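Below, each chain spelled out in residue letters.
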Amino acid sequence: MGPPAAETSSFMADFLRHSGGVAIIDGGLATELERHGADLNDPLWSAKCLLSSPHLVRKVHLDYLEAGADIIITASYQATIQGFEAKGFSSGESEALLRKSVEIACEARDIYYGRCREGSSDGDTDGRVLKQRCILVAASIGSYGAYLADGSEYSGNYGDAVTLETLKDFHRRRVQILAESGADLIAFETVPNKVEAQAYAELLEEEDKKIPAWFSFNSKDGINVVSGDSLLECAAIAEACKNVVAVGINCTPPRFIHGLILSIKKVTTKPILIYPNSGESYDGDQKEWVQNTGVSDQDFVSYVNKWCEIGAALVGGCCRTTPNTIRAIYGILSNRSALSS
Ligand SMILES: [Zn+2]
């Protein structure tokens, strides 16, 4: 059961129908790599594992699939040609590393399908979800601010010197490579401001290959995106871009999500995606998460039904969420479809 044909405009509608109306996105990738001992204190962040521990990346993707995720997001969030070149890689090697992030996720999906074939027929084995289903590989693209690794992905403030053209030039080659990598879609994640959304939309429209994409913004006040730009204006850019198959919010505290979904609904007819963080806050100066400000997995999932009722069609977790979070979301959504059938 492969993903729906990418060239059709009904890509996401077909996928969501296969998934029973709501699809599950994976949880934090970097968080989970760190929990398994990876040291991500590096300008490449999680992409460092493409070099140092590709097997661990594959294992984490598999853990998310076995927790019930229908979409896995590659380790390319902070993987950039510029970032790899700064480490001494050639441009060819840097491009190969980007492709490798997708290859690893595709390998995990293949291994998973193999386990499903061997597994039990009811789809649940030792707490692992082994259910043959349509699974998408989403190639992650983090913001320019993520590449800078100076906390500006959470301020969205790049200064006046960084223009629309700067951002398009910065992202162009990576978008091209990932569009042709075999990924099912591109996940533009944690988009902090309007100019970067515009840059992505223009790059997608310049591409020959009509790769589907989602735009996912982050907010720290529950109203605007982190830069202070209007979420409505940002979401309207996504709405106007033909390649965009879903629009939403990630890496934002759960308590803000309800209001943000209602806002996005005002400007889009596209499926809405949300994958909040645990609610803990990130201290960009200290480069660490502030503990004890977040919610438990149970509290997190207590919101999920409500989010779906008001229009979320893709739900998962971002930083500080784990396979347990995704397993809990899977449980809630399975109960929901059992009740409605
Ligand atoms: Zn995050």
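Residues numbered from 1 in each chain as written. Predicted model: local features only at pLDDT ≥ 70, side-chain atom pairs only at ≥ 80, totals over all residues. Heavy atoms only, no water.

A.B. asks: So what exactly am I meant to see when it comes to the side chain of threonine 190 here?
C.D. replies: Relative to the elements of secondary structure, threonine 190 occurs in strand E6 (residues 185-191). At 3.3 Å, the side chain of threonine 190 and the side chain of tyrosine 77 are in polar contact. Every residue in contact with threonine 190, bar those within four places of it in the chain, is listed here: Tyr77, Ser143, Ser216, Asn218, Asn250 and Cys251. (Helix = DSSP H or I, 4+ residues; strand = E, 2+ residues; numbered from the N terminus. Polar contact = N/O pair within 3.5 Å; in protein donor to acceptor, adjacent residues only side chain to side chain. Contact = heavy atoms within 4.5 Å.)

A.B. asks: What is the right way to look at the nonpolar core in this model?
C.D. replies: Most often, soluble globular proteins have nonpolar side chains that are buried together. Judged by nonpolar contacts, the single largest core of 87 residues is most densely connected at Phe188, Phe215 and Phe217. A per-element tally of this core places helix H6 (residues 91-118) first, with 10 residues. Not counting residues within four places of it along the chain, the set of residues in contact with phenylalanine 217 comprises Val191, Ala197, Val225, Leu231, Cys234, Ala235, Val247, Gly248, Ile249, Asn250 and Thr252. By size, the runner-up hydrophobic cluster in this structure holds 25 residues, among which are Ala23, Ile71, Tyr275 and Cys319. (Core = buried A, V, L, I, M, F, W, Y, C linked by side-chain atoms within 4.5 Å. Buried < 20%, exposed > 50% of the residue type's maximum accessible area, 1.4 Å probe, protein only.)

A.B. asks: How should I be thinking about the packing of helix H9 (residues 194-206) against helix H10 (residues 231-240) in this particular structure?
C.D. replies: Each pair of packed helices can be summarised by the angle the axes make with each other and by the distance between the axes. Look at H9 against H10: their axes get within 9 Å of each other, and the N-to-C directions meet at 5°. Judged by the angle between their axes, H9 and H10 are roughly parallel. Of the residues in H10, those touching H9 at Lys194, Ala197, Gln198, Ala201 and Glu205 are Glu233, Cys234, Ile237 and Ala240. When grouped by side-chain class, the residues that make up the contact of H9 with H10 number 5 nonpolar, 1 polar and 3 charged. (Axes fitted to C-alpha atoms, helices over the stretch in contact; angles between N-to-C directions. Parallel < 35°, antiparallel > 145°, perpendicular 65-115°, else oblique. Nonpolar A, V, L, I, M, F, W, Y, C, P; charged D, E, K, R; others polar.)

A.B. asks: Just checking my understanding: could you explain the sheet that holds strand E8 (residues 244-250) for this structure?
C.D. replies: Sheet architecture is open: 8 strands sit in the order E1-E12-E9-E8-E7-E6-E5-E2, paired in parallel fashion. Sheet topology places strand E1 (23-24) and strand E2 (71-73) at the edges, where each strand pairs with a single neighbour. With 3 bridges connecting them, strand E9 (residues 272-275) and strand E12 (residues 312-315) associate as parallel partners. Counted as the bridge partner of leucine 273 is leucine 314 from E12. (Pairing = 2+ DSSP bridges.)

A.B. asks: Would you take a moment to explain the side chain of glutamate 189 for this structure?
C.D. replies: For glutamate 189, the location among the structural elements is in strand E6. Buried charge without a partner: glutamate 189 forms no salt bridge, and the closest opposite charge is arginine 174, 8.4 Å away. Among the polar contacts made by the side chain of glutamate 189, one reaches the side chain of tyrosine 275 at a distance of 2.6 Å. Those residues within four positions of glutamate 189 in sequence are excluded, and the remaining contacts are Ile73, Tyr77, Ser140, Ile141, Gly142, Ser143, Ser216, Asn250 and Tyr275. (Lys, Arg positive; Asp, Glu negative; His and termini not counted. Salt bridge = Lys/Arg side-chain N within 4 Å of Asp/Glu carboxyl O.)

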